[in-house]
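# Structural overview
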Amino acid sequence: MSHEGIRFITEEEARRAQSAERELSTDAKTPAKVRVDKTGGSGMEIEWKDGHLSRWTFAWLRDACPCATCHDERQHSGRKPGERKSKPETLLPMYQAPPRPESATPVGRYAISFHWNDGHQSGIYSWDYLRRHCGCGECGVG
C-alpha cells in the first residue's frame, strides 16, 4: 500500500480546516453595523445580524490582507492571516508608522476595502472572510 498523497495533520489543523469548510448562515456573514475607527486608530468592529460582535485591529487587518500578492507571500512564508511578518534585525531599525487606513470603502454589499497608509489598496475583505477570521474565543478561529 502506498502512502503517497497522505498527509498527517495535527488536531489544531483539522479543527481549522473544518471551521473553514463549514457553511455560515446568511445572518452570520451579514453585518448589522460596521464601525471603522480611523480617528482613534483602534480598528474595526462588526456587529453581525446573528448578534455576534467581531473586532480586529488595523495591524491584524493589514497583515491579513486577502489580495493575491499578500496571500501568496503569506503562503510562501508559512504565516497565517493577521500574523506579522518578521523583520530583519538591524542596528538602527527604521521607524515604520503603524498600519492605518486612509480610507475605508464598501464594495457592493459583500465586502469592505481599505486604502492603507503604506500605499497598499488591493485587498477586498469580504464579510465571509472577516467572519471566518473572527479572533474571539467563541469562534475559535483567527
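Residues numbered from 1 in each chain as written. Predicted model: local features only at pLDDT ≥ 70, side-chain atom pairs only at ≥ 80, totals over all residues. Heavy atoms only, no water.

The predicted model of the chain has a mean per-residue pLDDT of 87, with 87% of residues at 70 or higher. At the low end of the mean pLDDT range in the chain sits helix α1 (residues 11-21), at 67; at the high end sits strand β5 (residues 111-116), at 98. (pLDDT = per-residue confidence, 0-100. Helix = DSSP H or I, 4+ residues; strand = E, 2+ residues; numbered from the N terminus.)

With the rule as written, the count across this model stands at nine salt bridges. Notably, a salt bridge pairs K29 with E23, separated by 3.4 Å at the nearest N-O pair. Assessed through its relative accessible area of 25%, K29 is described here as partly exposed. One connected set of salt bridges, linked through shared partners, spans R35, E45, E47 and R55. (Salt bridge = Lys/Arg side-chain N within 4 Å of Asp/Glu carboxyl O. Buried < 20%, exposed > 50% of the residue type's maximum accessible area, 1.4 Å probe, protein only.)

Attention shifts here to the sheet that holds strand β2 (residues 43-48). The strand order across the open sheet formed by three strands is β1-β2-β3, and the pairing between neighbours is antiparallel. Where the open sheet ends on each side, the last strands, each with one partner, are β1 (31-37) and β3 (53-56). With strand direction ignored, the average angle separating the axes of adjacent strands in the sheet is 10 degrees. Pairing between β2 and β3: four bridges, direction antiparallel. Pairing of I46 across the sheet is with S54, part of β3. (Pairing = 2+ DSSP bridges. Axes fitted to C-alpha atoms, helices over the stretch in contact; angles between N-to-C directions.)

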